[in-house]
Amino acid sequence: MFTSQTSSFQESIDVDERDVDFDNEEIAGYSQKIQQINSYYAIYYYQNTSLTLLDASLPPEAEPELRSYISRRLSKGALLGGMGNIATVELSIPEQAVGCYCCLLEQEKSPEQPEADGNGWVVCLLGGSEKGLNLFRIELDKYVQGLQGCLTPEMQNLETEVRPHLIRWYEESVMHIHRVVLLLQANVGYLLHAALSHKLVEVTGADEKTKADVARFIKAASLQGLVQEDTTTASLCKAISEDCHTSLIIDCSTGPPTLTNGVSNRFCDDWIQAFLNAAERFNPFLLRQILENFKLKAIQDMNNLKRFIRQAEMSHYALFRCCLFLQSCGNGDVLLQNARAEHSSLPEACGIINVLEEFLGEHAQGALY
């Protein structure tokens, strides 16, 4: 039983670059300087089914090819307002085939300009692979929607606002996880544990960009919204974070950063090397895939624990199996914290959780969590 669980865990850590559509040539490119990664953008004004180029960083021969592709997508109704669409496009660029994120930002409707109905801007961000960009869909949607308030048909602010925003898309939307791993190195396990256990994280002695990077890393690593939890559970988890745990403090005024009140466990520590290996390769897409696998494994373990708790209410042997599972998974503290919050209204389940906590406290001494 536990052999298969260990095998599954190792498979979740050993992410192959092929899982995110990288071939050997691409991996070699990511092993070089990060500045050598090519990313592109283009923005068009869409009016009466026609596209007008406003700005692009693509080679001159590639831009018409992209415009033709977008026109076909628009004619098929494949681009919906405010919703990003990601696909692979083949263009006259060094990479030839790249992932392309396209989003139609519709022009605000008004009685004064009824002819503007259906008009808007098409923003395209290109780089990496289709599957790689899909891992950052939420970030890309948010970043592109940040342009909505400063877009006009005349684009007088192209050089001052729009172009600088588009130039930074890859750095701002994709590289934040990479920057955090490079910042914390082997201490990234503390941040992973904080994300799983709803622990507050405070960053001091850093600029706003670094603080935002850490906050986005925590959000990306958190299971909030992915595990089944009602309002009561969410409130309890928040209370656990605020009342029972001291905030993790990351002081960036020193080099390297120092961490105070850091807590981790074997489960989080086992993932550290995978993050460091991907960061050394300057491979942000692989980093995100590893982070998603980390969350998936945590969710699987939570679901297993819930099943064991239900069985343990009727069987002492199932209770023993539950204890062995918590010892084996290395994430007992986090799993029991979430289980207690989710089963707070079920007295029998709470009794089982009390027994499990006492067992681990007596036999594990924290090392088996």
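Structure first, text after, so check above.
Residues numbered from 1 in each chain as written. Predicted model: local features only at pLDDT ≥ 70, side-chain atom pairs only at ≥ 80, totals over all residues. Heavy atoms only, no water.

> Run through the overall build of the chain, naming residues and quoting values.
A tally of helices and strands in the chain yields 17 helices and eight strands. Counting only residues that meet the buried cut, the chain has 48% of its 369 residues in that class. Within the chain, contacts between residues at least 6 apart in sequence are counted, and of these 70% link residues at least 24 apart. For the chain, the exposed surface amounts to about 17,900 Å²; the carbon and sulfur share of it is 50%. (Helix = DSSP H or I, 4+ residues; strand = E, 2+ residues; numbered from the N terminus. Buried < 20%, exposed > 50% of the residue type's maximum accessible area, 1.4 Å probe, protein only. Contact = heavy atoms within 4.5 Å. Areas by Shrake-Rupley, 256 points an atom, 1.4 Å probe, with all protein chains shown as cover.)

> Lay out the pattern of salt bridges with the relevant residues and their values.
Tallying each qualifying case throughout the model produces 10 salt bridges. The salt bridge partner of arginine 163 is aspartate 55, with a shortest N-O separation of 2.8 Å. You can see arginine 163 sitting in helix H6 (residues 158–167) and its partner aspartate 55 sitting in strand S2 (residues 50–56), a full 108 residues away along the chain. Overall, arginine 163 belongs to the partly exposed group, its relative accessible area being 25%. The closest approach of N and O atoms between lysine 209 and glutamate 171, which form a salt bridge, is 3.7 Å. Linking lysine 209 in helix H10 (residues 208–221) with glutamate 171 in helix H7 (residues 169–173), this pair joins segments that are 38 residues apart in sequence. On the accessibility criterion, lysine 209 (36% relative accessible area) is partly exposed. Relative accessible area serves as the criterion here: at 35%, glutamate 171 is assigned to the partly exposed category. Salt bridges here are not isolated pairs; linked through shared partners, they connect Glu139, Arg288, Glu292 and Lys295. (Salt bridge = Lys/Arg side-chain N within 4 Å of Asp/Glu carboxyl O.)

> Give me the lowdown on the sheet that holds strand S8 (residues 258–260), citing residues and values where you can.
With mixed pairing, three strands are arranged side by side in an open sheet as S6-S7-S8. Only two strands of the sheet have a single neighbouring strand rather than two, namely strand S6 (201–204) and S8. Averaged over all adjacent pairs, the angle separating strand axes in this sheet is 20°, with direction ignored. Alignment of strand S7 (residues 248–251) against S8, held across three bridges, turns out to be antiparallel. By the bridge assignment for S8, aspartate 251 is matched with threonine 258. (Pairing = 2+ DSSP bridges. Axes fitted to C-alpha atoms, helices over the stretch in contact; angles between N-to-C directions.)

> Quick rundown of the nonpolar core? Include the residues and the values.
Counting residues in hydrophobic clusters, the biggest one holds 85 residues, and the most contacted among them are Leu305 and Leu356. Ranked by residue count, the leading element in this core is helix H14 (residues 284–312), at 13 residues. Dropping the residues within four chain positions of it, leucine 356 is found in contact with Leu305, Ile309, Leu319, Cys322, Cys323, Leu326 and Leu336. (Core = buried A, V, L, I, M, F, W, Y, C linked by side-chain atoms within 4.5 Å.)

> Run through the environment of phenylalanine 282, naming residues and quoting values.
Checked against the element boundaries, phenylalanine 282 lands in the loop between helix H13 (272–280) and H14. Note on phenylalanine 282: relative accessible area 23%, which makes it partly exposed. Taking the C-alpha atoms as reference points, phenylalanine 282 and leucine 182, 100 residues apart in sequence, are found 9.9 Å from one another.

> Describe the packing of aromatic side chains, listing the residues and the values that go with them.
Following the criterion strictly, the structure yields eight aromatic pairs and no others. With centroids separated by 5.9 Å and ring planes inclined at 75°, the aromatic side chains of phenylalanine 136 and phenylalanine 285 adopt a geometry described as edge-to-face. In this pair, phenylalanine 136 is assigned in the loop between helix H4 (130–134) and helix H5 (137–145) and phenylalanine 285 in helix H14, connecting sequence segments 149 residues apart. A relative accessible area of 0% means that phenylalanine 136 is categorised as buried. Between arginine 307 and the ring centre of phenylalanine 308, over which it is positioned, the NZ or CZ distance is 5.0 Å. (Phe/Tyr/Trp six-rings, centres within 6.5 Å; stacked < 30°, edge-to-face > 60°. Lys NZ or Arg CZ within 6 Å of the ring centre and 35° of its normal.)

> For the pairing of strand S4 (residues 97–106), give the residues involved together with the corresponding values.
For S4, the buried fraction is high: eight of the 10 residues fall into the buried class. Sheet analysis places strand S3 (residues 85–90) next to S4, joined by six bridges and oriented antiparallel. Each bridged residue has a counterpart across the sheet, and for glutamate 90 the counterpart in S4 is alanine 97. Counting the residues between successive antiparallel strands, the hairpin from S3 to S4 contains six residues, one of them, glutamine 96, with a positive phi of roughly 65°. Sheet analysis places S4 next to strand S5 (residues 120–126), joined by seven bridges and oriented antiparallel.

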